[in-house]
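So the chains spell out like this:
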Amino acid sequence: NTTPISLTYAGEKYIQTAKEIIRLSNNLQKEFSDISDMKKGKITIGIPSLRGAFILPLILPNFMKRYPGIEIKIVEGDNNLESYLIEGKVDLVFTSFPTTDKRITQELLYRERIMLACKKGYLDNSYFLDNAHNIIDISKLNDINLILTKKGHRIRNFMDNMFNSHGFTPNILLETDNTGTAFRLATSGLGACFVSDMVINTTKPINEYDLFNIEDSNFQWSVAVLYLTNSYLNASERYLIDS
């Protein structure tokens, strides 16, 4: 009975050792790149596809002028990006709602508002907090069709925590994997959805739409860059983060 356990333990130890060797090798390559004045190298960026459409055009043009010899590889995903970082498949992850994994270091880049969106006129002021303008009372949305991202997505986790804190059970009409899809469905008149500034700036609505604050005009989440805690950041990676 002890053999399978021993084999399993040995296998896990081998995997951890292999990951450490890869990490040390990557660190060494990055240090050599710094020594050679960053004439050559590669940075693999992990980023959710919609966030990539928002962030990457803002930072990559200047970066590529500054470091023309550095190859940029983009890996798009969502729920798997932290695993890719730990496995050494990506060097940096730009994402929202930062991690609590102690193997990963995070640096706050900016904060982003979360709001409720719907087709213009879909909601009236009866859904507002008492004596408040344009601030939605979550407890009054029981009869409103909500279009949410599927469980496991960061914004869904964020909203579920908010629902739980208010003792609110959402009336879910549809679930989707894409916040941009949720926004377009909501602005078509099907219901309401929760969106961040990024979605509003990257996604074309179907119709004119209303945006409402959610009980607190500062309702927001953090957007951060993630990297392995014990990894070496070379000059080009530091420049990319600080852009």
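Now for a quick tour of the structure. (Residues numbered from 1 in each chain as written. Predicted model: local features only at pLDDT ≥ 70, side-chain atom pairs only at ≥ 80, totals over all residues. Heavy atoms only, no water.)

**Things to note about the pattern of salt bridges**
Working step 1: Under the criterion given, the structure shown has 13 salt bridges.
Working step 2: Note that Lys140 is salt-bridged to Asp130, the shortest N-O span being 3.2 Å. Here Lys140 is found in the loop between β5 (135-136) and β6 (146-149), whereas its partner Asp130 is found in the loop between β4 (104-119) and β5, with 10 residues between them in sequence.
Working step 3: Note that Arg156 and Glu175 form a salt bridge whose closest N and O atoms lie 2.7 Å from each other. Here Glu175 lies in strand β7 (residues 172-176) and Arg156 lies in helix α4 (residues 154-166), a separation of 19 residues in the sequence.
Working step 4: It is possible to trace a salt-bridge network through shared partners that takes in Lys151, Arg156, Asp160 and Glu175. (Salt bridge = Lys/Arg side-chain N within 4 Å of Asp/Glu carboxyl O. Helix = DSSP H or I, 4+ residues; strand = E, 2+ residues; numbered from the N terminus.)

**Here we look at the environment of Ile206**
Working step 1: Its location among the elements puts Ile206 in the loop between α6 (197-202) and β9 (209-214).
Working step 2: Among the residues examined, Ile206 registers a relative accessible area of 42% and is labelled partly exposed.
Working step 3: In sequence terms Ile206 and Phe183 are 23 residues apart; their C-alpha atoms lie 8.8 Å from each other.
Working step 4: Discounting chain neighbours no more than four positions away, the residues touching Ile206 are Arg184, Thr187 and Ser188. (Buried < 20%, exposed > 50% of the residue type's maximum accessible area, 1.4 Å probe, protein only. Contact = heavy atoms within 4.5 Å.)

**A word on the nonpolar core**
Proteins that are soluble and globular tend to have nonpolar side chains buried together.
Working step 1: Within the largest apolar cluster, 24 residues are counted, with the highest numbers of intra-cluster contacts made by Ile114, Leu116, Leu146, Met159 and Phe194.
Working step 2: Listing elements by their share of this core, those giving two or more residues are β4, β6, α4, β8 (192-196) and β9.
Working step 3: It is α4 that contributes the most residues to this core, five residues altogether.
Working step 4: The contacts of Leu146, once residues within four sequence positions are left out, are Leu116, Phe163, Phe168, Pro170, Asn171, Ile172, Leu173, Leu174, Ala192 and Phe194.
Working step 5: Leu60, Ile72, Leu92 and Ile241 belong to the second largest nonpolar core, which has 19 residues in total. (Core = buried A, V, L, I, M, F, W, Y, C linked by side-chain atoms within 4.5 Å.)

**Digging into the side chain of Asp137**
Working step 1: Mapped onto the elements, Asp137 comes out in the loop between β5 and β6.
Working step 2: Buried and unpaired, Asp137 has Lys140 as its nearest opposite-charge partner, separated by 4.2 Å.
Working step 3: What Asp137 contacts, discounting residues up to four positions off in sequence, is Tyr127, Phe128, Leu129 and Glu215. (Lys, Arg positive; Asp, Glu negative; His and termini not counted.)

**Some thoughts on the packing of helix α2 (residues 49-66) against helix α7 (residues 235-242)**
Working step 1: The N-to-C vectors of α2 and α7 enclose an angle of 150°; their axes lie 10 Å apart at closest approach. Taken together, α2 and α7 sit at an angle that is classed as roughly antiparallel. Crossing of α2 over α7 shows right-handed handedness. Taken together, the residues of α7 that come into contact with α2 (itself represented by Ile59, Leu60, Asn62, Phe63 and Arg66) are Ser236, Tyr239 and Leu240.
Working step 2: Among the residues forming the contact of α2 with α7, the class breakdown is five nonpolar, two polar and one charged. (Axes fitted to C-alpha atoms, helices over the stretch in contact; angles between N-to-C directions. Parallel < 35°, antiparallel > 145°, perpendicular 65-115°, else oblique. Left-handed = near helix turned anticlockwise from the far one by under 90°. Nonpolar A, V, L, I, M, F, W, Y, C, P; charged D, E, K, R; others polar.)

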